[in-house]
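For reference, the chains in residue letters:
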Amino acid sequence: MEPQRSPLSEVKGNIELKTPLITGSSRLPLPGSRLKRGPEQMENALEPEKKRIRGLGPSTKIVSSRPRAAPLSTMSQTQGQVAAQKVPKKVGARSSTSVATVLKNQKPAPAVPAQKPGTSAAPPVAGGKKPGKRPAWDLKGQLCDMTAELKRSRERTQTLSQENQQLQDQLREAQQQAEALGTERRTLEEELARVRTQAEQGQRELGSLSSRVLELEERLGTQEGLVQELQKEQLELQEERRGLATRLEEQERRLEASEAALSSSQAEVASLRQEAAAQAALLAERGDRLHGLEMERRRLHNQLQELKGNIRVFCRVRPVLPGEPTPPPGFLSFPSGPGGPSDLPTRLSLSRSDDRRGTLSGAPAPTTRHDFSFDRVFPPASGQDEVFEEISMLVQSALDGYPVCIFAYGQTGSGKTFTMEGGPGGDPQLEGLIPRALRHLFSVAQELSGQGWTYSFVASYVEIYNETVRDLLATGTRKGQAGECEIRRAGPGSEELTVTNARYVSVSCEKEVEALLHLAHQNRAVARTAQNERSSRSHSVFQLQILGEHPSRGLQCGAPLSLVDLAGSERLDPSLAFGPGERERLRETQAINSSLSTLGLVIMALSNKESHVPYRNSKLTYLLQNSLGGSAKMLMFVNISPLEENASESLNSLRFASKVNQCVIGTAQANKK
Ligand code: ADP
Ligand code: MG
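What counts, and where the lines are drawn
Along each chain, the written sequence defines residue order, and numbers are assigned to residues from 1. Note on labels: chains are lettered from A, ligands numbered from 1, in written order. With pLDDT at 70 or above as the cut-off, local features in this predicted model cover only qualifying residues; side-chain atom pairs require 80 or more to be listed or tallied, and sums for whole chains, interfaces and linings still use all residues. As a rule here, side-chain values cover all heavy atoms of the structure and leave hydrogens and water aside. UniProt positions are given in the numbering used here, feature names are shortened, and annotations may be inferred rather than shown by experiment. The numbering of helices and of strands both runs from the N terminus, where a helix is a DSSP run of H or I of at least 4 residues and a strand a run of E of at least 2. Summary of the burial criterion: residues with accessible area below 20% of their type's maximum are buried, those above 50% are exposed, and those between are partly exposed, where the area comes from a 1.4 Å probe applied to protein chains only. Any two residues whose heavy atoms approach within 4.5 Å at even a single point are treated as in contact. Under the convention used throughout, the expected extent of a helix is 1.5 Å for every residue step, that is, one less than its residue count. The bend reported for a residue corresponds to the angle between axes fitted to the seven residues ending at that residue and the seven starting there. Here a strand pair is declared whenever DSSP counts at least two bridges between the two strands. For every element, the axis is a line fit to its C-alpha atoms; helices are fit only across the contacting stretch, and the angle between N-to-C directions ranges from 0 to 180 degrees.

A. Broad picture of the UniProt feature "binding site: ATP" (unreviewed entry) in the chain. Following the UniProt record, the feature "binding site: ATP" (unreviewed entry) maps to G410, Q411, T412, G413, S414, G415, K416 and T417 here. By the secondary structure assignment, G413 is in the loop between β6 (404-410) and α10 (416-420). For G413, a relative accessible area of 43% puts it in the partly exposed group. Relative to the elements of secondary structure, G415 occurs in the loop between β6 and α10. Residue contacts for G415: discarding those within four places in its chain leaves R318 and N639.

Have a look at this one:
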């Protein structure tokens with residue numbers, strides 16, 4: 001930057017520039033004399049030389065005493081004015097206009113009165129004449145002139161000093177102003193910086209405001225969409241409201257109509273109520289009569305069963321299976337009863353040739369016929385449904401509250417399991433007594449529920465092998481824990497018997513029974529692999545605890561229904577029991593035979609009304625104690641193989657069954673409470 005020059009230095013400079021013009025000549029140049037030089041000036045050209053010769057006297061003194069202040073008289077007014085005007089111009093150009101203004105406003109320094117150009121500054125010559133060149137001898141005159149000039153010079157000096165003073169004042173003032181202006185400038189710069197900061201901040205604010213505006217515009221757009229949607233919804237709601245209003249009106253009309261109908265209906269209801277009360281009384285009366293009839297039916301049914309005998313024996317002969325030898329004709333025959341072929345078969349004859357006698361005599365072997373008569377005989381062609389029909393009456397007895405026990409007796413392979421559980425493959429035609437009996441129970445219980453009876457059924461299924469009891473319904477970890485089950489009284493003083501550790505499963509539909517039979521079958525299969533053909537050497541006892549209640553009449557009836565698949569009744573020839581395995585088998589067979597003979601003995605004792613019935617002699621009879629007594633109904637199926645090779649065992653079975661059939665066990669009584 002160009003250094004600021006103070007106005008004073010400017011003024012000084014101006015003055016310095018002009019000074020030589022003044023100091024260069026001892027004589028003050030006259031206005032106009034600079035332009036024109038007269039001949040006298042030429043003559044006076046020697047004067048300076050003189051002054052120089054005179055030495056460095058007065059002229060040097062003048063210069064030193066008034067160093068640079070040029071006598072104003074040498075400066076024309078025009079020059080002074082120009083100088084005065086030049087200062088502000090230069091200041092103004094270099095500094096600010098305010099300084100220029102200040103200087104312009106300055107009063108012009110009191111100048112020497114203007115002289116007309118061409119007029120001399122010399123004092124008027126006495127006599128009013130223009131002083132001409134004084135002769136050399138006129139020293140006085142010259143002195144006078146000199147004095148006059150000196151005086152004028154002094155005046156000018158004074159004037160210039162004043163002017164200088166003024167200029168210095170002005171300079172100070174200008175400096176002060178410059179300072180003030182500098183301060184003002186800094187203030188302004190600061191303000192400018194602040195304003196810039198504010199402007200930047202304003203810009204930022206503007207930016208954020210713009211984005212806010214954009215955002216608001218967007219929101220406004222969304223709001224507008226929402227408003228439109230709401231308006232649409234409003235329209236829809238109004239429409240719906242109109243629809244509802246119409247419907248309401250319609251409903252009101254309907255209500256009025258309904259009210260009218262109601263009042264007429266109420267009258268009708270009142271009359272119907274009366275009628276209903278009469279009907280209810282009638283119904284109650286009929287219910288009583290029905291109940292009386294039901295009880296009568298039970299009594300008569302029981303009488304019929306008793307007439308048939310509380311212990312009955314049915315003989316069933318299974319068909320010859322594919323691959324089995326055809327028995328000789330007449331080996332087994334089914335003679336008709338006294339009523340002819342229309343009578344249900346009750347007789348069976350087994351004809352066996354006496355080989356020994358035939359061989360000895362050489363004649364054809366004579367045949368021995370063994371005739372048996374039972375309550376019913378089922379020839380090989382009899383279906384499962386036919387067999388069940390005959391026992392369904394007994395199942396009814398169980399519902400009526402009489403203990404029922406159905407056995408299947410016979411040698412292994414004679415069809416006991418087929419009779420009790422059914423044939424293979426889940427064919428409904430081949431279903432055995434257990435599933436059929438349960439289905440029958442469920443359906444009859446359902447019918448009786450209409451008369452106020454409710455029934456519940458709890459099933460258990462155990463196996464008795466070698467005098468140990470095993471649960472066939474065991475699941476999970478309890479599987480295969482044979483021998484842990486014990487037969488115990490249900491409670492102290494209780495007649496009821498239960499098997500400890502055995503599952504008692506509540507059943508109410510066929511599916512559940514199916515699942516139980518399947519489980520028992522699986523459990524038996526597991527045991528079979530472990531213990532060779534165990535199933536044929538064990539008794540399977542399926543028991544169903546039936547409990548019937550008639551809450552409104554406070555009646556209860558309960559009885560067990562037992563369906564027993566006995567172990568194979570075949571006898572082992574003791575003479576053959578020599579091998580290590582055979583001994584074990586003999587022991588098993590003896591156990592089986594012992595339990596089967598105990599069963600026979602129990603039946604005999606009951607029949608003979610003996611005081612002691614040996615129930616406790618076997619697990620089987622002990623478990624069935626409550627199903628084999630005076631109040632119980634017993635049915636024994638004797639299953640017979642159709643094969644000639646089994647003739648001996650068949651005869652044994654038929655003989656055992658005949659003995660049982662001859663038994664008559666006392667009058668059964670329903671377990672009513
Ligand atoms: P058990 O239980 O007395 O040892 P099963 O019931 O196992 O005898 O019967 C032996 C075989 O004879 C089985 O294959 C069985 O399906 C069949 N069977 C038994 N009785 C009949 C029958 N009435 N009709 C058809 N097949 C039968
Ligand atoms: Mg069997």
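B. Geometry of the environment of A591. Tracing the backbone through its elements, the reader meets A591 in helix α13 (residues 580-607). Take A591: its relative accessible area is 18%, and that puts it in the buried class. Taking C-alpha positions, A591 is 6.0 Å from N466, a pair spaced 125 residues apart along the chain.

C. Molecular detail of helix α9 (residues 384-400). An ideal rise of 1.5 Å per residue puts 24 Å on 17 residues; α9 measures up with 24 Å between its terminal C-alpha atoms. Residue E390 marks the point of greatest curvature in α9, where the axis turns by about 40 degrees. In the segment just after α9, G401 is the residue with positive phi, at about 105 degrees.

D. Seen up close, the sheet that holds strand β3 (residues 347-353). The three strands lie next to each other as β2-β3-β4, forming an open sheet whose pairing is antiparallel. Sheet topology places β2 (332-333) and β4 (367-373) at the edges, where each strand pairs with a single neighbour. By the bridge criterion, seven bridges tie β3 to β4 in an arrangement that is antiparallel. Following the sheet pairing, S353 is matched in β4 by T367. Contacting β3 and β4, helix α15 (residues 647-662) runs over the sheet at an angle of about 145 degrees to β3.

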